[in-house]
Amino acid sequence: MATSASSKLNKAVKQQYMSLPQGGKVQAMYIWIDGSGEGLRCKTRTLDSEPKTIEELPEWNFDGSSTYQSEGSNSDMYLIPAAMFRDPFRKDPNKLVLCEVLKYNRKPAETNLRLTCKTIMSMVENNHPWFGMEQEYTLLGTDGHPFGWPSNGFPGPQGPYYCGVGADKAYGRDIVEAHYRACLYAGVQICGTNAEVMPAQWEFQVGPCEGINMGDHLWVARFILHRVCEDFGVVVSFDPKPIPGNWNGAGCHTNFSTKEMREDGGLKVIEEAIERLSKRHRYHIRAYDPKGGLDNARRLTGRHETSSIDEFSAGVANRGASIRIPRSVGQDKKGYFEDRRPSANCDPYAVTEALVRTCLLKEEGAEPTDYSK
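Everything quoted here is computed from the prediction, not taken from an experiment.

Some remarks on the side chain of threonine 358
Here's step 1: Looking at the element boundaries, threonine 358 is found in helix α10 (residues 348-359).
Here's step 2: Among the polar contacts listed, one links the side chain of threonine 358 to the side chain of histidine 284, at a separation of 2.8 Å.
Here's step 3: In this structure threonine 358 touches Arg276, Leu277, Arg280, Tyr283, His284 and Glu363, once residues within four positions along its chain are discounted.

With respect to the pattern of salt bridges
Here's step 1: Scanning all chains against the criterion turns up 26 salt bridges.
Here's step 2: Between glutamate 59 and arginine 106 there is a salt bridge whose closest N-O contact spans 3.0 Å. Residue glutamate 59 is found in the loop between β2 (40-47) and β3 (60-63), and its partner arginine 106 is found in the loop between β5 (95-102) and α2 (114-123); the two are separated by 47 residues along the sequence.
Here's step 3: Residue glutamate 59 is classed as partly exposed on the basis of its relative accessible area of 40%.
Here's step 4: Here arginine 106 falls in the partly exposed class, since its relative accessible area comes to 39%.
Here's step 5: Glutamate 338 is the salt-bridge partner of arginine 324, the closest N and O atoms lying 2.6 Å from each other. Here arginine 324, found in strand β12 (residues 323-325), pairs with glutamate 338, found in strand β13 (residues 337-339); they are 14 residues apart in sequence, far enough to count as distant.
Here's step 6: Residue class for glutamate 338 comes out buried when judged on its relative accessible area of 1%.

A look at the state of the cysteines
Here's step 1: Counted under the stated rule, the structure contains 0 disulfides.
Here's step 2: Here cysteine 359 stays unpaired: no disulfide links it, and the sulfur of cysteine 117, its closest cysteine neighbor, is 14 Å away.
Here's step 3: A relative accessible area of 5% places cysteine 359 in the buried class.

A short note on helix α3 (residues 173-186)
Here's step 1: With 14 residues, α3 extends 20 Å from end C-alpha to end C-alpha; this agrees with the ideal 20 Å at 1.5 Å per step.
Here's step 2: Taken as a whole, α3 has its buried residues at Ile175, Val176, His179, Ala182, Cys183 and Ala186. All buried residues of α3 fall inside an arc of 135° around its axis, so they share one side. Summarising the geometry of α3, the exposed residues directed more than 90 degrees from the buried face are Asp174 and Arg181.
Here's step 3: Its buried side turned inward, α3 meets β4 (76-86), β6 (130-140), β7 (190-195), β8 (201-210) and α4 (213-232).
Here's step 4: The first or second residue beyond α3 is glycine 187, which carries a positive phi of 100°.

Some details on the UniProt feature "domain: GS catalytic" (unreviewed entry) in the protein chain
Here's step 1: UniProt marks residues 113-373 with the feature "domain: GS catalytic" (unreviewed entry), using the numbering shown here.
Here's step 2: Helix makes up 34% of residues 113-373 and strand 17%, whereas the separation of the span's terminal C-alpha atoms amounts to 19 Å.

Examining the sheet that holds strand β1 (residues 26-33)
Here's step 1: Within the open sheet, the 5 strands sit side by side as β2-β1-β5-β4-β3. Their pairing is mixed. With one partner strand each, in any of the chains shown, β2 and β3 form the two edges of the open sheet. Going across the sheet, the axis of each strand differs from the next one's by a mean of 40°, ignoring polarity.
Here's step 2: As defined by bridge partners, β4 adjoins β5 across 8 bridges and the pair is classed as antiparallel. Looking at the pairing, isoleucine 80 lines up with glutamate 100 of β5.

Cut-offs used in this document
Residues numbered from 1 in each chain as written. Predicted model: local features only at pLDDT ≥ 70, side-chain atom pairs only at ≥ 80, totals over all residues. Heavy atoms only, no water. Helix = DSSP H or I, 4+ residues; strand = E, 2+ residues; numbered from the N terminus. Polar contact = N/O pair within 3.5 Å; in protein donor to acceptor, adjacent residues only side chain to side chain. Contact = heavy atoms within 4.5 Å. Salt bridge = Lys/Arg side-chain N within 4 Å of Asp/Glu carboxyl O. Buried < 20%, exposed > 50% of the residue type's maximum accessible area, 1.4 Å probe, protein only. Disulfide = S-S within 2.5 Å. Expected span 1.5 Å × (residues − 1). Arc of directions from axis to C-beta. UniProt positions renumbered as here; feature names shortened; annotations may be inferred. Pairing = 2+ DSSP bridges. Axes fitted to C-alpha atoms, helices over the stretch in contact; angles between N-to-C directions.

See the structure below:
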């Protein structure tokens, strides 16, 4: 299987340098979403002291013409620090800094969906919206071939791999364990992980997170996974259907609840929210992958534990439905529901914003309401 040349460099030599003192300085790695709406970019600057709050971090800039975000004649873009985490690669006191991107005129870049999401979340903060997102992904070699699969052919059919144990069932667990521990160190609200149905496919869960924190924590967890895979010389794919045919796709099931849903009698509120979602299916499908539904069309076929992209459905413990109410929620008459439609490469800011708009702000119709007017 093809792995990167960088992964074959002597890591012990690198460690000699990484253990050197930093002279009281701090390295801050600024991270942002590029013009594809899926890719992440990063660069590092030196700070004179360890920042304690996001306000202590300076704005920065970058060349947007090299990230699909501007043209060369007017290419400076602004990086606005939005969330700060501990750096699990360089370790304390160094930081990972998730940033919003503004254009030359200080307006949000097209793929800066955080700004609107934050506005919408501030409108419903008294409802205390909680989210938990289940991020599925596939490990690939640098040649695009799934990690651990035979070079000519396929592994055995699906069945033994989900939550599997053993060298013939779990492909790439070292990466999963390294990512989990790195997220815990960073302060990401990672809450679990498991092997998925297709071999070389895994999932991690982030949450519960309230409001804007959901998007922040999931994007940083994705960044950390890309970096861990880089160290191991492999590639992580969030493509919703990486292997065509009789193999499961990859989603990002999103669990959602409000304060009312979590209280006694909350099932009625959940059912009302699902009723509103049923009338706005096309709007949500457009918001649930970066290509307006085109990526998800390959995944949401009604097979392989998915619903059909063309129809809305809901049910208790039904993994073939658009919305699943967990059996325990049906019994307790309160809790949360799971929207199974978001794709693995979705933007969590878009997904969480859409849920709040429909379920809490009670929007209707095919387009989001503009509250700035």
